Amino acid sequence: KLYNVITDGKGGSFVIRRWIMHVDMDAFYASVEQRDNPELRGRPVIVGGTSDRGVVATASYEARAYGVHSALGTKKARQLCPDGIFLPPRIAYYRTISRQIRKIFEGYSPDIEPLSLDEAFLDISGLHGHYKDVLEVGRAVKRDIKEQTGLVASAGIGPNKFLAKLASDLDKPDGLVCIPYGKEEEMLAPLPVRKIWGVGKVTENRLLSAGYDTIGSIAAASPDKLRPLVGNQAERLYELAHGRDYRRVETTQQVKSIGNEQTYEQDLVLQEDVDRQLRLLAEEVAHRLRKHGLMGRTMTLKIRYNDFTTETRSESSESMGLYTEEQLYFSARKLYAKKTRKGSVRLLGVTVSKLQTVIIQDSLFAEEPTTKKRLAEEKVTTAIDKLQERFGRRAVMKGFLWEAESSVKEVKEKE
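For clarity, every value in this text was computed on a predicted model and none was experimentally measured.

Side note on the overall build of the chain
Scanning the chain from N- to C-terminus turns up 15 helices and 15 strands. At a minimum sequence separation of 6, the contacts of the chain that also span at least 24 residues come to 65%. By element, 51% of the accessible surface of the chain is carried by carbon and sulfur atoms, the whole surface being about 21500 Å².

Take a look at the structure:
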């Protein structure tokens, strides 16, 4: 499980030890902004929602010194860092730079697994034969990224994905760490339990309260002792604590869900305002489904109230596929009607999952148009898509979208 079998093209094969590298761009969004604007260099740059209702996407290391971090509320970030420079994200631009970095990765390995715009796994097994050692491979990748993009990356190298990802975070920024074979448990033992992949705040608190404060203490326990604390995650945590992770680099990752969330500058109180925003969310998600040629079997609606409590409701169907704006809107409205709480709404989110290639089907909802009208609307939608692709999403918009968009102040996309 820790080796790759390589064919020699002559009917034979040989075995090489597996090495995985995880490359993570340091403060990616903020670093791009500092690179493009010299006046921002050395200053606390915070990219994300710019209103007090927004959320931090990325903070420069200068801002992190004040305690600002991703997912922190913008209002709190302003309190911690009053001199911070708050900028809205330029996602499309960051994607372009991410593709440039991906091209660099392709020069080193055909086996690449992107995790997001700013990080990826590379299987570099055998590549160290062309270099002094695996650390030289990491230095070469970091050097190419710096020379070609002007940005700094941290890299971690190890026998598996867990160790590689953990290593990339041990010496940030501009770090390069290798966890070699035979040293896994020794290097893991003193690290805090939160360094284990998948251990969030809730799980960390449970483990700490039971006396498990380091990865070494988890390794010294047993799955049976861990199970009352973490349930069916006990075996996985125990294996990771010993540095064991047999997952391969997945080079053909598929999109698992497509969704959109919006946080509103003013809370939504009236049902007609909620309906308008559900329609806007449905249109955006439908557009992205069409772009990927996908439909889904499960709809999830996320509602965050003004007291920051969050409610999610989902509905699945094996007999229909969701991909049109009307389907998504009616499904979201149906789920909203089932909410258990009252109160004004701060955030709405619509996500479609259990995705598959789209199959055109007849009307599935009593409220939907007839099939003939539906086909006509799909032709209009296709024409709009083509115009928007050429001239931008705001070049051509349906009337209700133009009206609804004006009330949206902060947008957070996920895919």
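Points about the packing of helix 4 (residues 91-106) against helix 5 (residues 134-149)
Angle between the axes and distance between the axes: these two values describe a pair of packed helices. Across the interface, helix 4 lies against helix 5 with an axial gap of 10 Å and an inter-helix angle of 140 degrees. Every pair of crossing elements has a handedness; the one defined by helix 4 and helix 5 is right-handed. Between helix 4 and helix 5, the residues in contact are Q100, I101, I104 and F105 and V141, D144, I145, Q148 and T149, respectively. Class assignment for the residues of the contact of helix 4 with helix 5 results in 5 nonpolar, 3 polar and 1 charged.

Focus: the sheet that holds strand 6 (residues 85-87)
Across the sheet, which stays open at both edges, the 3 strands sit in the order 5-4-6 with mixed pairing between neighbours. Both outer strands of the open sheet, strand 5 (56-59) and strand 6, are each paired with one neighbouring strand and no more. Adjacent strand axes in the sheet meet at a mean angle of 25 degrees, parallel and antiparallel pairs treated alike. Of the strand pairs in this sheet, strand 4 (residues 45-48) and strand 6 are connected by 3 bridges, and their pairing is parallel. Bridge assignment links V45 to a residue of strand 6, and that residue is I85. Against the sheet, helix 1 (residues 28-36) touches strand 4, strand 5 and strand 6, its axis set at about 120 degrees to strand 4.

Considerations on the environment of Y212
You can see Y212 is positioned in the loop between helix 8 (201-209) and helix 9 (215-219). Classification of Y212 by relative accessible area gives buried; the value is 14%. Note: C-alpha distance between Y212 and V193 (19 residues apart in sequence) is 7.4 Å. Setting aside residues up to four positions removed in sequence, Y212 forms contacts with V193, L207, S217, I218, A221, K225, L226 and L229.

Description of the confidence of the model for the chain
Note: predicted coordinates in regions of low pLDDT should not be interpreted at a detailed level. Looking at the chain as a whole, the pLDDT averages 85, with 81% of positions reaching at least 70. The low-confidence segment residues 5-9, where pLDDT is below 50, has 11 contacts with residues more than four positions distant or belonging to other chains. Contacts for the low-pLDDT stretch residues 361-371, under 50 throughout, to residues beyond four places or in other chains number 29 contacts.

Regarding the pattern of salt bridges
Tallied over the entire structure, the rule returns 28 salt bridges. Linking R102 and E106 is a salt bridge whose minimum nitrogen-to-oxygen distance equals 3.5 Å. With R102 and E106 both in helix 4 and 4 residues apart, the pair spans about one turn of that helix. The exposure class of R102 is partly exposed, given its relative accessible area of 32%.

Quick notes on the sheet that holds strand 9 (residues 153-158)
The sheet built from 5 strands is open, its strands ordered 7-8-3-9-10 with mixed pairing. Here the strands that pair on one side only, and so sit at the sheet edges, are strand 7 (112-116) and strand 10 (176-178). Strand-to-strand, the axes of this sheet are offset by a mean angle of 15 degrees, without reference to chain direction. Relative to strand 10, strand 9 runs parallel, the two being bridged by 3 bridges. Note that in strand 10 the partner of I157 across the bridge is C178.

Here's the deal with the nonpolar core
Judged by nonpolar contacts, the single largest core of 36 residues is most densely connected at M21, V23, F28, F105, I124 and I145. Contributions of two or more residues to this core are made by strand 3 (20-25), helix 1, strand 4, strand 6, helix 4, strand 8 (119-123), helix 5 and strand 9. Not counting residues up to four positions away in its chain, the partners in contact with M21 are A120, F121, L122, I124, V137, G138, V141, A155, G156, I157 and A164. Counting residues in each nonpolar core, the second largest holds 27 residues, with A286, L289, Y305 and L335 among its members.

A short note on the pairing of strand 8
In terms of burial, strand 8 is a largely internal element, 5 of the 5 residues being buried. Covered by surrounding structure in strand 8 are E119, F121 and D123 together with A120 and L122, the residues of both alternating faces. By the bridge criterion, 5 bridges tie strand 3 to strand 8 in an arrangement that is antiparallel. Counterpart to M21 in the pairing with strand 8 is L122. In this structure, strand 7 lies alongside strand 8, joined through 4 bridges in antiparallel fashion. When the bridges of strand 8 are listed, E113 appears paired with F121. Connecting the antiparallel pair strand 7 and strand 8 is a turn made up of 2 residues.

Cut-offs used in this document
- Residues numbered from 1 in each chain as written.
- Predicted model: local features only at pLDDT ≥ 70, side-chain atom pairs only at ≥ 80, totals over all residues.
- Heavy atoms only, no water.
- Helix = DSSP H or I, 4+ residues; strand = E, 2+ residues; numbered from the N terminus.
- Contact = heavy atoms within 4.5 Å.
- Areas by Shrake-Rupley, 256 points an atom, 1.4 Å probe, with all protein chains shown as cover.
- Axes fitted to C-alpha atoms, helices over the stretch in contact; angles between N-to-C directions.
- Left-handed = near helix turned anticlockwise from the far one by under 90°.
- Nonpolar A, V, L, I, M, F, W, Y, C, P; charged D, E, K, R; others polar.
- Pairing = 2+ DSSP bridges.
- Buried < 20%, exposed > 50% of the residue type's maximum accessible area, 1.4 Å probe, protein only.
- pLDDT = per-residue confidence, 0-100.
- Salt bridge = Lys/Arg side-chain N within 4 Å of Asp/Glu carboxyl O.
- Core = buried A, V, L, I, M, F, W, Y, C linked by side-chain atoms within 4.5 Å.

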